[in-house]
Amino acid sequence: MRLGIAVLTVMALASPAVAQHQHGQAPYAGMQDRAVKALSDQQLADLRAGRGMSLALAGELNGYPGPSHVLELADQLQLNDAQRERVRKLYESMKAEAIAVGEKLIAQETALDQAFARREILPVTLASLTAQIGETQGQLRAVHLKYHLTTADLLSPHQKHRYAETARLPLTQRRAACRATLF
């Protein structure tokens, strides 16, 4: 019985790779042509634009909304003019910080990729580069979460409650309802 469960578990975990192989595709087909092998075009664009990439979910899902979402819902939250301006400034600061750290991460991932491509990677180099990448990923996450803390402090208890209710709507509905409030 246990052997059967183990076999089923392994098959379930391997099924995407098996499916790709069955259709004649290698598991990483097309990725070797990426500018930075470890980052998709979407990830590169998100890093360069300072987007959150779900890095602040710990805050967001625990009642600490980020500035971009608060701006999207400014009318529903009944932000006053001072709040709107402060949140806009927070958003711009967050974006600037996130872009700078994102560019640093891209450069580090590029260095790792190039070291492998040149066949110059050594265990010590690998340890150093991946440690730098890990630290930068943590910095990027901290940037986004820091602005969730600050944004939440600007909202009244009623606005936080209203945000929690409104944020439960699917993202597409929130954006459609709030498109004019963002910028």
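Residues numbered from 1 in each chain as written. Predicted model: local features only at pLDDT ≥ 70, side-chain atom pairs only at ≥ 80, totals over all residues. Heavy atoms only, no water.

## Considerations on the packing of helix α2 (residues 41-49) against helix α6 (residues 81-117)
Close contact between α2 and α6 brings their axes to 6 Å; oriented N to C, the two are set at 135°. The angle between the axes of α2 and α6 places the two elements in the oblique class. Where α2 abuts α6, its residues Leu 44, Leu 47, Arg 48 and Ala 49 lie against Lys 95, Ala 98, Ile 99, Gly 102, Glu 103, Leu 105 and Ile 106. When its residues are assigned to classes, the contact of α2 with α6 shows seven nonpolar, one polar and three charged. (Axes fitted to C-alpha atoms, helices over the stretch in contact; angles between N-to-C directions. Helix = DSSP H or I, 4+ residues; strand = E, 2+ residues; numbered from the N terminus. Parallel < 35°, antiparallel > 145°, perpendicular 65-115°, else oblique. Contact = heavy atoms within 4.5 Å. Nonpolar A, V, L, I, M, F, W, Y, C, P; charged D, E, K, R; others polar.)

## Re the nonpolar core
Core analysis: the biggest nonpolar cluster contains 27 residues, and Leu 39, Leu 47, Val 70, Leu 77, Leu 79, Leu 140 and Val 143 have the highest contact counts within it. At the level of secondary structure, the elements contributing two or more residues to this core comprise α2, α4 (67-72), α5 (74-77), α6 and α7 (123-154). Among the elements that make up this core, the one with the highest residue count is α6 (10 residues). Leu 77 has contacts with Val 70, Gln 159, Arg 162 and Tyr 163, leaving out every residue within four places of it along the chain. (Core = buried A, V, L, I, M, F, W, Y, C linked by side-chain atoms within 4.5 Å. Buried < 20%, exposed > 50% of the residue type's maximum accessible area, 1.4 Å probe, protein only.)

## Examining the confidence of the model for the protein
When pLDDT is averaged along the protein, the result is 84, and 79% of the positions lie at 70 or above. Note that pLDDT drops below 50 for residues 1-20; the model gives that stretch three contacts with residues more than four away or on any other chain. (pLDDT = per-residue confidence, 0-100.)

## Let's talk about the environment of Gln 114
Relative to the assigned elements, Gln 114 resides in helix α6. Classification of Gln 114 by relative accessible area gives partly exposed; the value is 39%. Along the sequence, Gln 114 and Val 36 sit 78 residues apart, while their C-alpha atoms lie 8.7 Å from each other.

## Side note on unusual backbone geometry
With a phi close to 65°, Ser 54 is a non-glycine residue in the positive phi region. Note on Ser 54: relative accessible area 54%, which makes it exposed. Positive phi is not limited to glycine here, since Gln 78 has a value of about 55°. Topologically, Gln 78 is positioned in the loop between α5 and α6.

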